[in-house]
Each structure stands twice: as C-alpha cells, then as structure tokens.
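Architecture at a glance
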Amino acid sequence: MDLFSKLKTGLSKTRNQIASIVKTGPVNEELYESLEEALIAADVGLDLSMETVDRLRDEVKQQRVTDMPGVLSLLKELLVSDLKKEKLPEDFPPKPWIVLVVGVNGVGKTTTIGKIAHELRNSGKKVMLGAADTFRAGAIEQLKIWAQRTGCDFVAQHEGADAASVAFDAIEAAKSRDVDVLLLDTAGRLHNKVNLMNELSKIVRVIKANVPHAPNETLLVVDATTGQNALKQAEVFNSIVEITGLIISKLDGTAKGGVALALTNKLRVPVRKIGVGEGIDDLQDFNAHDFVQAMLGDS
Ligand SMILES: Nc1nc2c(ncn2[C@@H]2O[C@H](COP(=O)(O)OP(=O)(O)O)[C@@H](O)[C@H]2O)c(=O)[nH]1
Ligand SMILES: [Mg+2]
C-alpha cells in the first residue's frame, strides 16, 4: 500500500461521515450543523469546528454558492489554508543543525527519529543520533539500532545518565565530525512535570550555549490516536520548550485527523511530518492539501 493510501485508510471514518452528510440534501442550517459535528468527531476541537463552520457559512453566502459540491470545496479551501499557517524552516542552516525531539513516552519519538534519519541519509546528509532519553536502557538500545540501520553516528551514555550531558557530548562530537544534522531523542515522562521541565530546559540551555543558532527545530511528536489529549500534551511541552514543528504519528491507526488542525491552531506551528506505520519508510511530508483531501474525500 502506498503512503497516501495508508493515510486515506486512517482517515476513512471522517471521510465516510462527510460523504453521508453530503448526500443528505440541500444547503441549509442542518447541513452546517452536521459538518460541525463531523469536524468535532474528527478531533478538530469544539471551538475551532464552530469557528470553521461560521467562516464557511460566510464564504458560502459571499460567493453565492448553492450546491453541495461547492460548499465542500469551500470547506476544503478553508481547511487547507488553516493548515498552512507556517513559519518556513531555514533551508540552509549552518552546521550542525540540531533537532530536538520531544513528546510523551510511547508516542513514537524514537521511531520517528529513525525515519527522519533515513530520509536525511537518503538525501546525502551526515547524521548523528544522540540518546538523551536516558531513562531506560531499552530506549538507548532502540535508538542505537536505528543508528545502525540508517548508517548514522551514535552518541550515548549509560542508563540514568544526565540527559543534558549526553546532549553536550553529542554536540561536541557532531562539531568535530562535521555532522550536518544531530537528532536528539529525549524522555517524556509527563507524570513528573517538574523533572521533565528541569531535564528539557537543561538540554536546551546546553544546546544554546554550545551552538548559538540551535536548536533549529524542536519537534513535538503526538500520537494521533490520543485525539484531543494531544492538545494538553502540546500545551505542557510548549510551556517548557518552544515547539517549532509537529509530527503526528500513528495516523494509520486512527479514524481521526482533525487533531492536526487543532494543534496547528493552538501552537501556530506547522505539521512537518506524519507517521503512517512502524516501518522505516512510513513517514510522509505533511501536505495540507492531500491531508484535507484524505479527510474529506472527493464527495
Ligand atoms: N502504527 C504506527 N506505530 C508507530 C508509529 N510510530 C511509532 N509507532 C510505534 O509506537 C511504539 C512506540 O514508539 P517509540 O518510538 O518507542 O516511542 P517513544 O517512546 O516516543 O520513543 C512502537 O511500537 C512504534 O513502532 C506510526 O506512525 N504508526
Ligand atoms: Mg523513545
């Protein structure tokens, strides 16, 4: 199955719901209510769903659209433009480019790092993985396997080591080995917010002190299957580190995609990538147009 098909499978529930609404008849208040319900059910969030449908209603009036396909294509345009609220990444950053990857345990950080490393290696970059999730030995080992699989340099200490000290080692090594991109894995123990905050802030301090232009990206990974819970996670992490981009993982395992809209709206940062499986190639660039198409379908 190609990647876009996987994404489409993940978003099929939302699409089917939209399709059945579209079949139900005339453009009237009931239609708007159904669309609002569908967006809420797709995890777009209550406020944003209402606001989106309000804007849709205005657009429909203004453009004098009277048919259902016209309404749907206006909705798609609105959603695509909402998903493009992006700050563009720096294209040619000075080396090493440091990407800090954060998120709650189990959302797919380490796997995503492996997939990104694979992409970067394919584009000819020299990549290093730093194991700043020192909480479990298993986490270090897991990242090491990804490093071997993708042909990346790897820097780690032992289980329980100071995460910021691992970051420091990795930065030093990245500089001396002329690495293009250093990807730093971190632990995400949300149940202990003070520890999490101390650990992540310290890592960021160490990065900034040693590479003034970094971190170039701080990516928050969220698991799409957690739905609106992802918003709470985003809020917590964004209060600790400045999130610059989002990765939505496990979109192959969910019927809902609206969380992408909800998160972009909340943090005002773009979705950079989406995860659509556990394999090395199961990472897609986020394309707002394709995403909305997969969510709403052709109906
Ligand atoms: N189906 C699916 N599984 C994923 C995806 N990304 C990660 N996983 C799985 O989620 C689990 C936790 O991933 P891991 O990278 O260890 O999460 P971490 O604790 O945040 O580092 C693993 O079993 C991964 O294979 C994805 O996009 N789709
Ligand atoms: Mg991990």
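Report on the accompanying structure.

**Comments concerning the overall build of the protein**
For the protein, the count of helices and strands is 12 helices and 8 strands. Relative to the compact-globule value of 19 Å for 299 residues, the protein shows a C-alpha radius of gyration of 21 Å, a close match. Going through the 299 residues of the protein one by one, you find that 56% of them count as buried. Looking at the protein alone, contacts between residues at least 24 apart form 76% of all its contacts between residues at least 6 apart. Of the roughly 13200 Å² of accessible surface on the protein, 50% is carried by carbon and sulfur atoms. Where the 36 positive side-chain charges of the protein centre and where its 41 negative ones centre are 3 Å apart.

**Let's talk about the environment of H158**
Along the chain, H158 falls in the loop between strand 3 (153–155) and helix 8 (163–176). Sequence-wise, H158 and I140 are 18 residues apart; in three dimensions their C-alpha atoms are separated by 8.1 Å. Not counting chain neighbours up to four residues away, the residues in contact with H158 comprise T134 and I140.

**A closer look at a nonpolar patch on the surface**
On the surface, a nonpolar cluster with roughly 250 Å² of combined accessible area is contributed by I40, L46 and M50. As for its placement among the helices and strands, I40 is situated in helix 3 (residues 29–41). On the accessibility criterion, I40 (31% relative accessible area) is partly exposed.

**Description of the pattern of salt bridges**
Summed over all chains, the structure comprises 14 salt bridges. The residue R272 makes a salt bridge to E217 at a minimum N-O spacing of 2.5 Å. With R272 in strand 7 (residues 271–275) and E217 in strand 5 (residues 217–223), this pair connects stretches of sequence that are 55 residues apart. No difference in accessibility class separates R272 from E217, as the two residues are buried. D223 is paired through a salt bridge with K250; the nearest N and O atoms lie 3.5 Å apart. In this pair, D223 sits in strand 5 while K250 sits in the loop between strand 6 (245–249) and helix 11 (259–267), placing the two residues 27 residues apart along the sequence. Using a relative accessible area of 8% as the deciding quantity, one classes D223 as buried.

**Considerations on the site of ligand 1**
Close to ligand 1 lie 17 residues; G106, K109, T110, T111 and E278 are nearest. Contacts to ligand 1 include G108, whose backbone N or O atom sits 3.0 Å from an oxygen atom. One of the side-chain N or O atoms of K115 is found 3.5 Å from an oxygen atom in ligand 1. In isolation ligand 1 has 580 Å² of accessible area, and contact with the protein removes 80% of it. When residues of the shell around ligand 1 are assigned to their parent elements, the largest contribution, 4 residues, is made by helix 6 (residues 109–122). For the shell around ligand 1, a count of residues per class yields 3 nonpolar, 9 polar and 5 charged.

**A look at the packing of aromatic side chains**
In total, this model carries 1 aromatic pair according to the counting rule given. Each ring, one from F286 and one from F291, has its centre 5.1 Å from the other, and the planes form 55 degrees; the classification is tilted. In this structure, F286 and F291 share a single accessibility class: buried. Against the face of Y32 rests R57, its NZ or CZ located 5.0 Å from the ring centre. The side chain of R189 reaches across the aromatic face of F135, ending 4.1 Å from its centre.

**A closer look at the sheet that holds strand 5**
Read across the open sheet, the 8 strands follow the order 3-2-4-1-5-6-7-8; overall the sheet is mixed. Each edge of the open sheet carries a strand with a single partner, namely strand 3 and strand 8 (283–285). Recorded for the sheet is a direction-independent mean angle of 20 degrees between the axes of neighbouring strands. Note that strand 6 and strand 7 share 3 bridges and pair parallel. Considered in strand 7, the bridge of L246 is made with V271.

**Concerning the pairing of strand 4 (residues 181–186)**
Taking burial as the measure, the 6 residues of strand 4 include 6 buried ones, the bulk of the element. Burial along strand 4 is two-sided: the face carrying V181, L183 and D185 and the face carrying L182, L184 and T186 are both buried. Here 6 bridges tie strand 2 (residues 127–132) to strand 4, and the two strands are oriented parallel to one another. Within the sheet, the bridge partner assigned to A132 lies in strand 4 and is T186.

**So, helix 8**
Here helix 8 spans 20 Å end to end across 14 residues, near enough to the 20 Å set by a 1.5 Å rise per residue. Count one or two residues on from helix 8 and you reach D178, which has phi positive near 60 degrees.

What counts, and where the lines are drawn
Residues numbered from 1 in each chain as written. Chains lettered and ligands numbered in written order. Predicted model: local features only at pLDDT ≥ 70, side-chain atom pairs only at ≥ 80, totals over all residues. Heavy atoms only, no water. Helix = DSSP H or I, 4+ residues; strand = E, 2+ residues; numbered from the N terminus. Rg over C-alpha atoms; globule rule 2.2 N^0.38 Å. Buried < 20%, exposed > 50% of the residue type's maximum accessible area, 1.4 Å probe, protein only. Contact = heavy atoms within 4.5 Å. Areas by Shrake-Rupley, 256 points an atom, 1.4 Å probe, with all protein chains shown as cover. Lys, Arg positive; Asp, Glu negative; His and termini not counted. Charge placed at Lys NZ, Arg CZ, Asp CG, Glu CD. Patch = residues over 30% accessible without salt bridge, like charges linked within 9 Å, V, L, I, M, F, W, Y side chains within 5 Å. Salt bridge = Lys/Arg side-chain N within 4 Å of Asp/Glu carboxyl O. Near = heavy atom within 4 Å. Polar contact = N/O pair within 3.5 Å; in protein donor to acceptor, adjacent residues only side chain to side chain. Nonpolar A, V, L, I, M, F, W, Y, C, P; charged D, E, K, R; others polar. Phe/Tyr/Trp six-rings, centres within 6.5 Å; stacked < 30°, edge-to-face > 60°. Lys NZ or Arg CZ within 6 Å of the ring centre and 35° of its normal. Pairing = 2+ DSSP bridges. Axes fitted to C-alpha atoms, helices over the stretch in contact; angles between N-to-C directions. Expected span 1.5 Å × (residues − 1).

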